[in-house]
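Architecture at a glance
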Amino acid sequence: MVVRLPLLTAAFVLAACASAPAPRIIAGDEPVTAFTNVRLITEYGGERLGHHTVVVRGDRIIAIAPDRRIALPDDALVIDGAGRLLAPGIADMHAHFQDPGAGPLFLANSITTVRNPSGGDTVPALIAQIARGEVPGPFMYSSGRLIDGAGSFWGAQVVAETVEAVRTRVREDAAAGYHAIKLYNRLTPDQFAAGVDEARASGLQVYAHVPDSMTIEQVLAQRIDSVEHLDGFDRSLGGEGHWPAQRWATARQDRFAALARLAAASNVWQAPTLIVQVAPARAFADLAAAEAAPELRYADASLLEFWRSYIAHAPTGTDFAARHRLTQQGHAQRLAMLRALREANAPLLIGTDTPNPYVMYGFSIHEEFGYFREAGFTNVQILRIATLDAARALGEAGAFGIVREGARADLLLLEDDPEADLSTLRTPAGVMAAGRWYDRAALDSLLADSAARAAASRADPPPP
Ligand SMILES: [Zn+2]
């Protein structure tokens, strides 16, 4: 036996070599980037693959295999991922991304996809600039500018006075190449239905608030794609008062489960955006504390001025501390509603509604994750909502939010396992957004530029 053992071993090794497939040779003229030696999370909650190589060309993942099964071209950019994890980038599913300067702030917080539920004249150009690599930023899916009825809070430029005017606006959004339309608070039921009908005919998704003229049940019955902010829930839950904060504070918890089941059965995605219900009121109650947040160094003068203008426009004598307390009561109720939605298995999205006051681009996603944790979601559930569910909600299942051949190359190189600790997403070792690679030094330099620009804008005297 002692003599034969090496022979047996040699025979086994030969057999193993004979049966191993030849390495996959990555050829072609276009340059490739390869992450080697990584622990790969192909999808959150899924399998882990050790010692793997992921090859990217252009904006696509083109090959995934064990390290020794891939032969890279000599000129490949090789990123050694030893000791790190490679994982899908995450999505902020409610972000108003119009300022190109916000792009790096999303990336630095591991966000490689944004759903923008209100486009505007500059948004299609920004999407194109990001695609060409002129602006660093996440891939953006955008609706057209919000479509509202008479008396809109947002002014005359978004108002559609008639049913036909809504149809025209939807056709214009389709022609402009938007992914969706956004229906808003002051529409009549007829206008709302016409918007949904026209959007379906044009192949556009429908994101909506619940108009004052409708109930959440009526909106869910239209089988639109998403409802934002748990809008309209407060009224159907028996909440009383003029303002949503008052109605949420008085919403009847004995009705939560039934409405959650209805939301689940409708298959309409809910984007609760809990942070935008708490952060502004919290900031207005203690502005010094809000403005001491480290991420505020990236807020330029115009953003700060926009945020502070809410205080200036509040009625004289507004008791911001009392408002904050009321908002906290409403927030506790929203958390309970989110818990009910989880128990009913309703489709959910994680979004922030940045840049509403003191809801900072990119950084705010981590606070929203925290609220989902409070509502009982596990890290894996949160990560799946922010990736696989985000893609499904956009009608893009398999296109992103997953590491697979053919998917967009939206990748995070991480020091720690986000399934164990979500906070590692605050400081990725590197981010690849649609095939463009930003290592930690590149992210830090983008952040430093952003802080410098913000500081300079604040030092300048305001224009006369
Ligand atoms: Zn919004």
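Everything below is about the structure shown above.
Residues numbered from 1 in each chain as written. Predicted model: local features only at pLDDT ≥ 70, side-chain atom pairs only at ≥ 80, totals over all residues.

**Brief notes about the environment of isoleucine 79**
- On the secondary structure map, isoleucine 79 appears in strand S6 (residues 77–80).
- Under the C-beta neighbour-count criterion, isoleucine 79 is labelled buried, with 22 such atoms within 10 Å.
- Considered as a pair, isoleucine 79 and threonine 33 are 46 residues apart in the sequence and their alpha carbons are 7.5 Å apart.
- Other than its neighbours up to four places away in sequence, isoleucine 79 contacts Thr33, Ala34 and Phe35. (Helix = DSSP H or I, 4+ residues; strand = E, 2+ residues; numbered from the N terminus. Buried ≥ 20, exposed ≤ 12 C-beta atoms within 10 Å, placed from the backbone. Contact = placed C-beta atoms within 7 Å.)

**Some thoughts on the sheet that holds strand S9 (residues 111–116)**
- Read across the sheet, three strands follow the order S8-S9-S10 without closing on themselves; strand pairing throughout is parallel. Each edge of the open sheet carries a strand with a single partner, namely strand S8 (90–92) and strand S10 (139–142). Recorded for the sheet is a direction-independent mean angle of 20° between the axes of neighbouring strands.
- Across the sheet, helix H15 (residues 379–393) lies against S8 and S9, angled at about 75° from S8, the strand it touches most. (Pairing = 2+ DSSP bridges. Axes fitted to C-alpha atoms, helices over the stretch in contact; angles between N-to-C directions.)

**Here's the deal with the nonpolar core**
- In terms of nonpolar packing, the biggest core is built from 135 residues, with Val54, Leu86, Val206, Leu349, Ile382 and Val403 touching the most fellow members.
- Tallying contributions element by element places H15 first for this core, with eight residues.
- Contacts of leucine 86, omitting those with residues within four sequence positions, involve Phe35, Val38, Leu40, Val54, Gly81, Val403, Leu411 and Leu413. (Core = buried A, V, L, I, M, F, W, Y, C linked by C-beta atoms within 7 Å.)

**Focus on unusual backbone geometry**
- A cis amide bond links threonine 354 to the next residue, proline 355, at an omega of 0°.
- Looking at where proline 355 falls in the secondary structure, it is placed in the loop between helix H13 (320–343) and helix H14 (364–374).
- At asparagine 345, a position not held by glycine, the phi torsion is positive, near 65°.
- Mapped onto the secondary structure, asparagine 345 falls in the loop between H13 and H14.
- Under the C-beta neighbour-count criterion, asparagine 345 is labelled exposed, with 11 such atoms within 10 Å.
- In the Ramachandran plot, tyrosine 358 falls in the positive-phi region, its phi being about 65° despite a non-glycine side chain.
- Along the chain, the position of tyrosine 358 falls in the loop between H13 and H14.

**Things to note about the environment of arginine 308**
- Looking at where arginine 308 falls in the secondary structure, it is placed in helix H12 (residues 301–313).
- Separated by 24 residues in the primary sequence, arginine 308 and phenylalanine 284 place their C-alpha atoms 8.4 Å from one another.

**Details of the sheet that holds strand S12 (residues 205–208)**
- Taken in spatial order, the four strands of this open sheet run S11-S12-S13-S14, and their pairing is parallel. What marks the edges here is a single partner per strand, and that holds for strand S11 (180–183) and strand S14 (269–271). On average, adjacent strands in this sheet sit at an angle of 25° to one another, irrespective of strand direction.
- Relative to S14, strand S13 (residues 226–228) is paired through three bridges, and the arrangement is parallel. Bridging across to S14, serine 226 finds its partner in tryptophan 269.

**Observations concerning the packing of helix H4 (residues 163–175) against helix H5 (residues 189–202)**
- Two elements in contact, H4 and H5, have axes whose closest approach is 9 Å; the angle formed by their N-to-C orientations is 30°. As summarised for this structure, H4 and H5 are arranged roughly parallel, according to the angle between their axes. For H4 against H5, the interelement crossing comes out right-handed. Contact residues: H4 offers Val163, Val166, Arg167, Val170, Arg171 and Ala174, while H5 offers Asp190, Gln191, Ala194, Gly195, Glu198, Ala199 and Ser202.
- Taken together, the residues of the contact of H4 with H5 sort by class into six nonpolar, three polar and four charged. (Parallel < 35°, antiparallel > 145°, perpendicular 65-115°, else oblique. Left-handed = near helix turned anticlockwise from the far one by under 90°. Nonpolar A, V, L, I, M, F, W, Y, C, P; charged D, E, K, R; others polar.)

In short, the description is geometric, and any link to function would need to be established separately.
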